[in-house]
Amino acid sequence: MTKGKTTTADGAAPMDPLWQEHGRPERAEGEPALVIDVGGFEGPLDLLLHLARAQKVDLARISILALAEQYLEFVDTARQVRIELAADYLVMAAWLAYLKSRLLIPQQAKDEGPSGEEMAATLAFRLKRLEAMRDAATRLVNRNRLGRDVFARGAPEHIADDRKSVFEATLYDLLSAYANLRQRQAVTQVTIEKRQVWSLSDARDILMRMIGEIGEDWHALDRFLLRYLVAPADRATAIASAFAASLELAREGQVELRQDGAFEPIFMRRGKTPLPRDGQ
Amino acid sequence: MAAVEIEPEDDLIEAEQGAVESAFVEAERIAEALIFASAQPVSERSIAERLPAGIDARAVLARLKAAYAPRGVNLVQVEDHWAFRTAADLSFVLRSGETEARKLSRAALEVLAIIAYHQPVTRAEIEEIRGVQTSKGTVDVLMEAGWVRFRGRRRSPGRPVTFGTTRDFLDHFGLETLRDLPGLEELKGAGLLSGRIPPGFRMPLPPADDELAEDEDPMTASDIEELGLLTPGGSDEE
Amino acid sequence: MAAVEIEPEDDLIEAEQGAVESAFVEAERIAEALIFASAQPVSERSIAERLPAGIDARAVLARLKAAYAPRGVNLVQVEDHWAFRTAADLSFVLRSGETEARKLSRAALEVLAIIAYHQPVTRAEIEEIRGVQTSKGTVDVLMEAGWVRFRGRRRSPGRPVTFGTTRDFLDHFGLETLRDLPGLEELKGAGLLSGRIPPGFRMPLPPADDELAEDEDPMTASDIEELGLLTPGGSDEE
């Protein structure tokens, strides 16, 4: 725990004081202080984007390695003070830890995985793309908008329109009517179970998130996954569930798994022919 | 506007007049937009309040009224309130159809959705899914809209009529085929189905084409005639 | 139309031209009234159907658009639909507290932008771009607003449903077509609307020269974006 800092007994101190460390000497240059309200971020990429911005350079020139380190530092701190991070953040942490290892350790000759540089470029591209979309959203929302800056006729008169049907309904109306109806009928049998262990479906969800991150190249992710996804006490249940879930996903074709020998790392990549997800 | 060197007086007067005119035009634009956007006729006073200072609202409105007089839309005065109305001589264009689009009732939407997802489906099955009796009028409305049709008859006791959707249904809702209807995952993903969904929850996959199901007989001409006379699927079918 | 074989006498031609012009003016009035009467954009087809035979609806609309351009109310095009809308520069007079436009969450806004720029786009693709699961209800809000719709299904394993924007979306944000999305061409050119890294996309690693010189201002990515995207000459060209 950081020195001179008193957290309340249950760790429920307000968010920002946890990160804003007053009275601390200036950080070294190029190492911006983490001032983070985790609730304010739209997922791990958003957080990364924020950190990249803090590097104060063009996205094309950021140090991916530094960025990965800052992110991992953030996650470690969050875990120390027992902030529960959503699975998305942990998945990203696992991936970044792997990326870091690829960047630092020279690539082995027979290693088939993507190089650290390729992985870094992928990350930089995704950050750039997200930022572009965010800017686009801002430009969009700042346009002259109907009902705010620009107005339609306030007192429309009736005109005969060319609609074939005399009835009005959108697909959205239709679907929400159906969904509501079915839900109403289904709602009677709901039971809420308490979670104590990593259930198979938890593990499966997390692995599915990973598949999105890792793409079609082999990645040795198991160690990183375990380190970031679970508290040490839950490690056994996590290993068991994650392994079982990965086998299930492999059977469905969602992932491919590879292990070169006993106790060797397990490699994973996105499957070539995933089955339909909605059970069709 | 860059500052202009002091000029002969004539130019000054001209410039001033230009400024007055452009302020007037601006006032016209404001009045026009205000009246256009308002749901009710707008009082002259409230227009005057929003015009640049020193502009005579009455004069602005008079000029607007004259400008719109020959057009398809006229500016009309009702006591001291102003509104746009389509020109009286064009009423024939506007009132030709008189078919106001009606909103489908919630019940009708539900029945339509059930028919879309569960087709071929009988009235009894619709009622089972909804958990309530469906009034005769509901299916009639959907037939009238042209979205629902008789498909055939189920080969089961009573040979109940089966319902399905039409080509017009797909057109109206922007679907290419019935298979484009979103499935369980997608409804969940879009936030339409929320909360916990019980494990047994199933959504049917609508048929890919109009082929009759295995336990379905085609409608015969006499069936149709009969139904036309008996009004479809009256509440006591058996 | 009917071929006229009579010798072209000047008067006749003039009279004919006069007749043509007056038919055109009448068509303008009709189109104007039709569009004016409706709060929603009116389809070009339904306007054309109501014009006198032989009149080119597009020409009529173009002339109307030009006539209204300097006024307080403008004729705007949304895809192949037309509507009258108050001029954007008068927003300051018309804006009132009560008509506050729908407030979107940041997540919803981001999802909306992704759907607009990447459509047709699947939910999985949206999540990949944002790097986070989309909470239930985000897409729901956008669909309820009428800005986003199910478009169809991707021809890929699982046939995932794709999302796109609606005409209401264009109308709401004052876009004539999707091509008018701000910065669309630049984003496309930069490869940022694709799922794959564009070939030219390089990340120098590690950056040896992170430090800025003392007289150097940091260049943020958004600076660059803006420079590339703000077309010279600026804001309201039309």
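Keep in mind that what you see is a predicted model, and the values were worked out from it rather than measured. (Residues numbered from 1 in each chain as written. Chains lettered and ligands numbered in written order. Predicted model: local features only at pLDDT ≥ 70, side-chain atom pairs only at ≥ 80, totals over all residues. Heavy atoms only, no water.)

1. Concerning the overall build of chain B
Piece 1. When helices and strands are counted, chain B shows 10 helices and eight strands.
Piece 2. The buried share among the 238 residues of chain B stands at 42%.
Piece 3. Sequence separation of at least 24 residues holds for 54% of the intrachain contacts in chain B that already meet a minimum separation of 6.
Piece 4. Roughly 12,900 Å² of accessible area belongs to chain B as shown, and the carbon and sulfur atoms make up 53% of that amount. (Helix = DSSP H or I, 4+ residues; strand = E, 2+ residues; numbered from the N terminus. Buried < 20%, exposed > 50% of the residue type's maximum accessible area, 1.4 Å probe, protein only. Contact = heavy atoms within 4.5 Å. Areas by Shrake-Rupley, 256 points an atom, 1.4 Å probe, with all protein chains shown as cover.)

2. Observations concerning the interface of chain C and chain B
Piece 1. Each side of the interface is counted separately: chain C has 37 residues, and chain B has 37 residues.
Piece 2. Between chain C and chain B, a total of about 3,000 Å² is buried, with carbon and sulfur atoms accounting for 58% of that surface.
Piece 3. Of all residues in chain C, Arg29(C), Phe36(C) and Arg71(C) give up the largest surface area on contact with chain B, accounting jointly for 20% of the area buried on that side.
Piece 4. Counting across the chain C and chain B interface gives eight salt bridges.
Piece 5. In this structure, the salt-bridge partner of Asp180(B) is Arg159(C), at a minimum N-O distance of 4.0 Å.
Piece 6. Taken together, the links from chain C to chain B amount to 17 residue pairs in polar contact (both at pLDDT 80 or more).
Piece 7. Sorting the residues of the side of chain C that touches chain B by element identifies α1 (10–37), α3 (57–68), β3 (81–86), α4 (91–94), α7 (138–144) and β5 (148–153) of chain C as the ones contributing at least two each.
Piece 8. The element that contributes the greatest number of residues to the side of chain C that touches chain B is α1(C), accounting for nine residues. (Buried area = accessible area lost by both parts, 1.4 Å probe. Salt bridge = Lys/Arg side-chain N within 4 Å of Asp/Glu carboxyl O. Polar contact = N/O pair within 3.5 Å; in protein donor to acceptor, adjacent residues only side chain to side chain.)

3. A short note on the sheet that holds strand β4 (residues 266–270) of chain A
Residue and element names in this part refer to chain A.
Piece 1. With antiparallel pairing, the three strands of this open sheet are ordered in space as β2-β4-β3. Of all the strands in the sheet, just β2 (219–220) and β3 (255–259) have a single pairing partner and so form its edges.
Piece 2. Pairing between β2 and β4: two bridges, direction antiparallel. Bridge pairing in β4 links His 219 to Met 268.
Piece 3. Lying over the sheet, helix α7 (residues 200–214) contacts β2, β3 and β4, oriented at roughly 75° with respect to β4.
Piece 4. Across the sheet, helix α9 (residues 235–252) is in contact with β3 and β4; its angle to β3 comes to roughly 120°. (Pairing = 2+ DSSP bridges. Axes fitted to C-alpha atoms, helices over the stretch in contact; angles between N-to-C directions.)

4. Observations regarding the sheet that holds β5(C)
Residue and element names in this part refer to chain C.
Piece 1. Read across the sheet, three strands follow the order β4-β6-β5 without closing on themselves; strand pairing throughout is antiparallel. The open sheet is flanked by β4 (121–122) and β5, the only strands paired with a single partner.
Piece 2. Across five bridges, β5 lies against strand β6 (residues 161–165) in antiparallel orientation. Along β6, the bridge assignment pairs Arg 153 with Val 161.

5. A few points about α3(C)
Piece 1. If you check α3(C), its first and last C-alpha atoms are 16 Å apart, about what 12 residues at 1.5 Å a residue would give, namely 16 Å.
Piece 2. A distance of 3.1 Å separates the backbone nitrogen of Arg58(C) from a side-chain oxygen at the start of α3(C), and that oxygen is part of Asp56(C). (Expected span 1.5 Å × (residues − 1).)

6. Focus: the environment of Leu109(B)
Piece 1. Relative to the elements of secondary structure, Leu109(B) occurs in helix α5 (residues 106–118).
Piece 2. Judged by relative accessible area, Leu109(B) falls into the buried class, the value being 10%.
Piece 3. Along the chain, Leu109(B) and Leu142(B) lie 33 residues apart, while their C-alpha atoms are 8.9 Å from each other.
Piece 4. Those residues within four positions of Leu109(B) in sequence are excluded, and the remaining contacts are Ala169(A), Asp173(A), Leu174(A), Ala177(A) and Leu104(B).

7. Comments concerning unusual backbone geometry
Residue and element names in this part refer to chain B.
Piece 1. Omega for the bond connecting Gln 119 with Pro 120 falls within 30 degrees of zero, at -5°, which places this linkage in the cis form.
Piece 2. Tracing the backbone through its elements, the reader meets Pro 120 in the loop between α5 and β5 (121–122).
Piece 3. Here Glu 79, not a glycine, exhibits a phi torsion of approximately 55°, which is positive.
Piece 4. For Arg 159, which is not glycine, the phi dihedral falls at a positive 40°.
Piece 5. The exposure class assigned to Arg 159 is partly exposed, which follows from its relative accessible area of 36%.

8. So, α5(B)
Residue and element names in this part refer to chain B.
Piece 1. Helix length check: α5 (13 residues) gives 18 Å between terminal C-alpha atoms against 18 Å at 1.5 Å per residue, within 8%.
Piece 2. Within α5, 11 of the 13 residues are buried, leaving the element largely enclosed by the surrounding structure.
Piece 3. Within α5, the full set of buried residues consists of Ala 108, Leu 109, Glu 110, Val 111, Leu 112, Ala 113, Ile 114, Ile 115, Ala 116, Tyr 117 and His 118.

9. Details of the domain arrangement of chain B
Piece 1. Partitioning chain B into structural domains gives domain 1 (18–91) and domain 2 (106–227).
Piece 2. Put simply, the middle of domain 1 of chain B and the middle of domain 2 of chain B, counted by C-alpha atoms, are 53 Å apart. (Domains from an automatic or database assignment.)

10. Describing the packing of helix α2 (residues 44–54) of chain A against helix α3 (residues 64–80) of chain A
Residue and element names in this part refer to chain A.
Piece 1. Two elements in contact, α2 and α3, have axes separated by 10 Å at closest approach and are oriented at 120°. As summarised for this structure, α2 and α3 are arranged oblique, according to the angle between their axes. The chirality of how α2 crosses α3 is right-handed. Counting all contacts with α2, which are made through Pro 44, Leu 47, Leu 48, Leu 51 and Ala 52, the residues of α3 involved are Leu 67, Gln 70, Tyr 71 and Phe 74.
Piece 2. A class-by-class count of the residues in the contact of α2 with α3 yields eight nonpolar, one polar and no charged. (Parallel < 35°, antiparallel > 145°, perpendicular 65-115°, else oblique. Left-handed = near helix turned anticlockwise from the far one by under 90°. Nonpolar A, V, L, I, M, F, W, Y, C, P; charged D, E, K, R; others polar.)

11. What about the nonpolar core?
Piece 1. Grouped together as the largest cluster of nonpolar side chains are 81 residues, with contacts concentrated most on Phe169(B) and Phe169(C).
Piece 2. Apart from residues no more than four positions distant in its own chain, Phe169(B) is found in contact with Leu174(A), Leu112(B), Ala116(B), Gly146(B), Trp147(B), Leu175(B) and Leu178(B). (Core = buried A, V, L, I, M, F, W, Y, C linked by side-chain atoms within 4.5 Å.)

12. Observations regarding the confidence of the model for chain A
Residue and element names in this part refer to chain A.
Piece 1. Counting all residues, the mean pLDDT for chain A is 72, and 68% of those residues have values of 70 or more.
Piece 2. For chain A, helix α1 (residues 15–19) is the element with the lowest average pLDDT, namely 30, and helix α5 (residues 116–141) is the one with the highest, namely 89.
Piece 3. Counting interchain partners and residues more than four positions distant, the pLDDT-below-50 stretch residues 1–36 has 39 contacts. (pLDDT = per-residue confidence, 0-100.)

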